[in-house]
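# Fold and contact review
Each chain, written out:
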Amino acid sequence: MKTALIFPPQWFPSQPYLALPTLTAFLQHHGHAVDQFDFNIESYDTFLSRNYLEECLGKIKGRLNQPAYTPEENEIKGVYRDILGDTGFLESVLDGVEDAKNAMRTEEMFFQFPVYKRAYTTLKVAMQLISYAHFPTKVDLESYFMQGNPEENMEGILQATADPVTNPYLDLFENKLIPRMNWSEYGLVGISIIHVGQVIAGLTLARLLREKYPHLHICIGGSVFTRHSGIMENKQALFEKIFHSIIQFEGEYPLLKLVEQLKAGGSLGEVPNLTHLDQGKVITNAKSESLPYDQLVRPTFDQLPLEKYLMPYPVLPYMASRGCYWGKCTFCTHSHIYDSYYRKDNEERVALDLDYLGKRYGTRYFTFSDEAISPNAFKRMSYSVLKHKVDMKALGMIKFEADTVESEDLFKDMFDAGFIMLFFGLESANDRVLSIIDKGCDQKTEKIVLENSSRAGIWNHLYLFFGFPTEEREEAEDTIQFTIDHGERGDGSIHSVGQSTFTLEKDSAIYHNPQKFSIDRILHNPDRDMAIIFDYEIQKGMPREEIMEVYERFDQVLEEQFPSRKIWNYLSREHFLLYLDRFGREELLKMAQDEAVTETVGA
């Protein structure tokens, strides 16, 4: 029996996701036949083509001739007329979409920012046409949204996965991607869903495969359905119509046992971490311990179409640890998939893995998917990379620790090893807010560590958010002022920023202990019983309207204080890694200044 592992849309099309290469390698290591397929990149390759866009225009014409029953449908008909009436614009998109993909995949064009920017814009417009054809669904390079968030309840899932009008994946899978494969070769199909934007696409694929090929066992894995643990007991219809089972938490050992049981015709009850139907009831088997790192296997990217990703050469994901060594941030849910069990690989083996992967797949670029790498692990890893002369340029996540640990010498070693970009979870620069987040640092530490990293030559990217429960306006202003003081027009130790607003997520410490954070009530809507983000009521801190006002003001601050934003705001993190390695910090700033002049002249 052969296994097919599939990564569904919707994910940014710049690199493979790590789940499938890791699971594939593990099963192959244990002697099982397995193929891996990235339906995400295959979907983009089809979406971003003249033939498919012409099909979308046909759908727009058809919908224009249908009666409108709501004000929104009347309004979109005006947009349809504008689109169809501008034939010159349409032809430029239809003619330009293949060139735009090629620009992303061709070194010479990729690194000419004006060419890159035009290509990126063309691809975004093409995705808008797809959205209009499936209105009110919105599909983009970074996201997928269906009206009413159908992924948040069982009835919504059942309807959305069978909706030929608003679900673009139904036709795409049924008529384009599924027919390419000989499904009679397989007995098990695993579909990895790691983001809510993948739920409808992934379950649409599962439903079609189950209907067309009854011999297949369809298993869902990934973090989304792990976070649904404990709420599937009354979701029998999903198991009857869409999939057969769910693997929760880490997948290697449970998937191996599932393959073995299916091959032997054994009982699903013997598979740990598995949720499945048993005599009409949804049951979850006993949980197994996660495997230690020495029993895991180096990922394989064989079979994945690396030439189709929108990159001039591969950028590969890699993971040197699982879980988070800190594991205390009160808003965070990242460690939940690892059952809050942190462990890491031997740094010597990490260096050898990177060397092997780089040579096998012809790249020097890696993105570390670890939740956060400790300073000591970074130190040992850098030493091993330098010792083995690994040709590597990489980005990774790091937590703020004491400046005596995260010293300039540490960052210099990291930079010499190839870590040219670091992502810091700043979250806030107000000491009270940092204390209730339980970040284990203060503003003074953040400032010194960023200075140490910047002096070593590293590009510092910050993640931060506004609206943590009880945060007041003046506390948010501390974060804004900190960013100004240390941004490009300040002392230059912060180079880019990604901002958001706080969301209350299932399985976070705040969710399980809301009173501690002055939350009066979490709003549990029975029509959203599969939601993982929740609204809540609170009397302290900024109201929602003020949070959004702060967010929008900060967006303007970034525009004013970070000239290089005219470059990095267009680039995914993988694309920016390549730009940073090619041009360096100073040249990127000059490039941004040239772009500003071009925009001014154009205006």
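We now turn to the structure provided with this report.

How each quantity is defined
- Residues numbered from 1 in each chain as written.
- Predicted model: local features only at pLDDT ≥ 70, side-chain atom pairs only at ≥ 80, totals over all residues.
- Heavy atoms only, no water.
- Helix = DSSP H or I, 4+ residues; strand = E, 2+ residues; numbered from the N terminus.
- Rg over C-alpha atoms; globule rule 2.2 N^0.38 Å.
- Contact = heavy atoms within 4.5 Å.
- Polar contact = N/O pair within 3.5 Å; in protein donor to acceptor, adjacent residues only side chain to side chain.
- Pairing = 2+ DSSP bridges.
- Axes fitted to C-alpha atoms, helices over the stretch in contact; angles between N-to-C directions.
- Disulfide = S-S within 2.5 Å.
- Buried < 20%, exposed > 50% of the residue type's maximum accessible area, 1.4 Å probe, protein only.
- 1 Å grid on protein atoms, 1.4 Å probe; cavity = no way out; pocket = protein on both sides within 12 Å on 5 of 7 lines; lining within 4 Å.
- Points joined across faces, edges and corners; volume = space filled by probe spheres on them.
- Nonpolar A, V, L, I, M, F, W, Y, C, P; charged D, E, K, R; others polar.
- Parallel < 35°, antiparallel > 145°, perpendicular 65-115°, else oblique.
- Left-handed = near helix turned anticlockwise from the far one by under 90°.
- Patch = residues over 30% accessible without salt bridge, like charges linked within 9 Å, V, L, I, M, F, W, Y side chains within 5 Å.
- Areas by Shrake-Rupley, 256 points an atom, 1.4 Å probe, with all protein chains shown as cover.
- Salt bridge = Lys/Arg side-chain N within 4 Å of Asp/Glu carboxyl O.
- Lys, Arg positive; Asp, Glu negative; His and termini not counted.
- Charge placed at Lys NZ, Arg CZ, Asp CG, Glu CD.
- Right-handed = clockwise from strand over helix to strand, strands pointing away.

### Looking at the overall build of the protein chain
Looking only at helices and strands, one finds 23 helices and 21 strands in the protein chain. Against the 2.2 N^0.38 benchmark of 25 Å for 603 residues, the protein chain shows a C-alpha radius of gyration of 24 Å, consistent with a compact globule. If one aligns the C-alpha atoms of the protein chain with their principal axes, the spans along those axes are about 60 × 60 × 55 Å. Considering only contacts in the protein chain between residues 6 or more positions apart, those separated by 24 or more positions represent 77%.

### Observations regarding the environment of R360
Looking at where R360 falls in the secondary structure, it is placed in helix α14 (residues 347–361). When the C-alpha positions of R360 and F301 are compared, they lie 9.4 Å apart, and in sequence the two are 59 residues distant. Side chain to side chain, R360 and D302 meet in a polar contact 2.8 Å long.

### Looking at the sheet that holds strand β10 (residues 315–318)
In spatial order, the strands read β10-β13-β14-β15-β16-β17; together these six strands make up an open sheet with parallel pairing. For this open sheet the edge positions go to β10 and β17 (496–501), each flanked by a neighbour on one side alone. Each strand of the sheet is rotated relative to its neighbour by a mean of 20°, with strand direction disregarded. Pairing of strand β15 (residues 419–427) with strand β16 (residues 459–466) involves six bridges; the strand directions are parallel. Residue pairing across strands places F423 opposite H461, the latter belonging to β16. Of the strands in this sheet, β15, β16 and β17 touch helix α19 (residues 473–486), which is tilted by about 165° from β16. Contacting β16 and β17, helix α21 (residues 544–561) crosses the sheet at an angle of about 165° to β17.

### Points about the state of the cysteines
Inspection of the entire model under this criterion finds zero disulfides. Free cysteine C332: the closest other cysteine sulfur is in C329, separated by 6.2 Å. Take C332: its relative accessible area is 27%, and that puts it in the partly exposed class.

### A look at the layout of surface pockets
Taken as a whole, the second largest pocket encloses approximately 210 Å³ of empty space. Sorting the residues of the lining of the second largest pocket by element identifies α7 (113–133) and β3 (138–139) as the ones contributing at least two each. Looking at the lining of the second largest pocket, its residues break down into four nonpolar, four polar and three charged.

### Let's talk about the environment of Y186
Along the chain, Y186 falls in strand β5 (residues 186–192). Taking the C-alpha atoms as reference points, Y186 and R582, 396 residues apart in sequence, are found 43 Å from one another. Residues contacting Y186, with those up to four places away along its chain left out, are K2, T3, A4, D35, F37, M181, H215 and L216.

### Things to note about the packing of helix α5 (residues 87–105) against α7
Running from N to C, α5 and α7 cross one another at 125°; their axes reach a closest spacing of 8 Å. If you check the angle between α5 and α7, you find them oblique. Between α5 and α7 lies a crossing of left-handed hand. Every residue of α7 that contacts α5 at F89, L90, V93, G96, V97, A100, K101, A103 and M104 is listed here: V115, Y116, A119, Y120, T122, L123, V125, A126 and L129. Grouping the amino acids of the contact of α5 with α7 by side-chain chemistry returns 15 nonpolar, two polar and one charged.

### Remarks on a negative patch on the surface
Among the surface-exposed residues, D431, E472, E474 and D478 lie close enough to one another that they form a single negatively charged patch. Within the fold, E474 resides in helix α19. Residue E474 is classed as exposed on the basis of its relative accessible area, which comes to 54%.

### So, the pairing of strand β2 (residues 34–38)
Across the five residues of β2, four count as buried, placing the element largely inside the fold. As for the winding sense of the linkage, the β-α-β connection from strand β1 (residues 2–7) through helix α1 (residues 19–29) to β2 is right-handed.

### Examining the sheet that holds strand β6 (residues 217–221)
Across the sheet, which stays open at both edges, the seven strands sit in the order β2-β1-β5-β6-β7-β8-β9 with mixed pairing between neighbours. Looking along the sheet, the strands with just one partner apiece sit at the ends: β2 and β9 (281–284). Strand-to-strand twist across the sheet, computed as the mean angle between neighbouring axes with direction ignored, equals 25°. Pairing analysis gives three bridges linking strand β7 (residues 245–247) to strand β8 (residues 274–278), with the strands arranged antiparallel. Bridging from a neighbouring strand, I246 pairs with T275 of β8. This element, α1, spans β1, β2 and β5 of the sheet and lies at about 175° to β2. Relative to the sheet, helix α10 (residues 199–212) contacts β1, β5 and β6, its axis offset from that of β6 by approximately 170°.

### So, empty space enclosed by the protein
Which parts of space are left empty comes out when a probe the size of a water molecule is rolled across the atoms. Tallying each qualifying case throughout the model produces five cavities of 30 Å³ or more. Here the largest cavity defines a volume of roughly 120 Å³. In terms of lining residues, the largest cavity is bounded by 13 residues, among which Y293, V297, P299, M319 and R322 are the most central. Across the lining of the largest cavity, the residue classes tally to seven nonpolar, one polar and five charged. The volume enclosed by the second largest cavity comes to roughly 80 Å³. Along its surface, the second largest cavity is lined by 13 residues, and E250, P254, E289, S290 and L291 are the ones closest to its centre. For the lining of the second largest cavity, the leading source of residues is helix α13 (residues 252–264), giving three residues. Tallied by class, the residues present in the lining of the second largest cavity amount to four nonpolar, three polar and six charged.

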